[in-house]
Amino acid sequence: MDDVLDATNRKILGELVVNARIPVTELAKRVGLSKTPVALRIRQMEEMGLITGYRAMLSPLKLGLTHVTYMEVRLTDTRQKALEQFNAAIRVIPEVEECYMIAGGFDYLVKVRSRDMADFRNIMAEKISTLPHVAGTSSYVSMEAVVEQGWTSI
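Because the structure is predicted, anything quoted here is derived from the model rather than measured. (Residues numbered from 1 in each chain as written. Predicted model: local features only at pLDDT ≥ 70, side-chain atom pairs only at ≥ 80, totals over all residues. Heavy atoms only, no water.)

Enquirer: Give a detailed account of unusual backbone geometry, specifying residues and quantitative values.
Expert: Here His133, not a glycine, exhibits a phi torsion of approximately 70°, which is positive. On the secondary structure map, His133 appears in the loop between helix H5 (117-128) and strand E4 (134-141). Given a relative accessible area of 24%, His133 falls into the partly exposed group. (Helix = DSSP H or I, 4+ residues; strand = E, 2+ residues; numbered from the N terminus. Buried < 20%, exposed > 50% of the residue type's maximum accessible area, 1.4 Å probe, protein only.)

Enquirer: Could you give an account of the pattern of salt bridges, with specific residues and numbers?
Expert: Taken as a whole, this structure holds eleven salt bridges when the rule is applied. Lys111 is paired through a salt bridge with Glu98; the nearest N and O atoms lie 3.9 Å apart. Taken as a pair, Lys111 in strand E3 (residues 108-114) and Glu98 in strand E2 (residues 96-101) lie far apart in primary sequence, 13 residues in all. Overall, Lys111 belongs to the buried group, its relative accessible area being 6%. Two residues, Glu148 and Lys111, come together in a salt bridge whose shortest N-O distance is 3.3 Å. Of the two residues, Glu148 sits in the segment after E4 while Lys111 sits in strand E3, which places them 37 residues apart along the sequence. With relative accessibility at 48%, the residue Glu148 sits in the partly exposed group. Overlapping salt bridges bring together Glu97, Glu98, Lys111, Arg113 and Glu148 as one network. (Salt bridge = Lys/Arg side-chain N within 4 Å of Asp/Glu carboxyl O.)

Enquirer: Could you give me a rundown of the environment of Ile102, with the residues and numbers involved?
Expert: Turning to its location among the elements, Ile102 is positioned in the loop between E2 and E3. Taking the C-alpha atoms as reference points, Ile102 and Ile90, separated by twelve residues in sequence, lie 15 Å from one another. When residues no more than four places from it in sequence are discounted, the contact partners of Ile102 are Asp107, Tyr108 and Leu109. (Contact = heavy atoms within 4.5 Å.)

Enquirer: How would you sum up the packing of aromatic side chains? Please name residues and give values.
Expert: Under the counting rule described, the total for this entry stands at one aromatic pair. Relative to Tyr108, the ring of Phe86 lies with its centre 4.4 Å away and its plane at 35°, an arrangement referred to as tilted. With Phe86 in helix H4 (residues 80-91) and Tyr108 in strand E3, this residue pair connects regions lying 22 residues apart in the sequence. (Phe/Tyr/Trp six-rings, centres within 6.5 Å; stacked < 30°, edge-to-face > 60°.)

Enquirer: I'd like a rundown of the packing of helix H1 (residues 7-18) against helix H3 (residues 35-47), residues and numbers included.
Expert: Packing of H1 against H3 brings their axes to within 11 Å, and their N-to-C directions diverge by 80°. By the angle between their directions, the pair H1 and H3 is classed as roughly perpendicular. Residue-level inspection shows Thr8, Asn9, Ile12, Leu13 and Leu16 of H1 in contact with H3, the latter providing Val38, Arg41, Ile42 and Met45. A class-by-class count of the residues in the contact of H1 with H3 yields six nonpolar, two polar and one charged. (Axes fitted to C-alpha atoms, helices over the stretch in contact; angles between N-to-C directions. Parallel < 35°, antiparallel > 145°, perpendicular 65-115°, else oblique. Nonpolar A, V, L, I, M, F, W, Y, C, P; charged D, E, K, R; others polar.)

Now the structure itself:
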């Protein structure tokens, strides 16, 4: 992977992370190449799966989703089939912004974004607590986002 991620490709990726809609001609100027080699490098990184896609990043605050809660989720069963059932079910809850399987005193760490506490309570009661194999949860309400950003390190 290091030979694919030479200094020029790292510069290209760094620029694309900041602005994926940058015109290739502008990107080429910034990395010191002409348009054709930059376009080729981008296509190669896409084909090898290094660049997995492009998306619009929405402002949760502008959408009224100001309430962030982190949840510890404990399951009744942690065999593979149970984990797969839980994973499939939690993926379809739109308010779940992130979900990680954890090694430790609980099974999953889940980030839920909602409008307010009443909205979170409804999401918890109607969606999360009804997921397969959920034994219990603990919730931690965020008071303030000190650092919140997408992954941008190259």
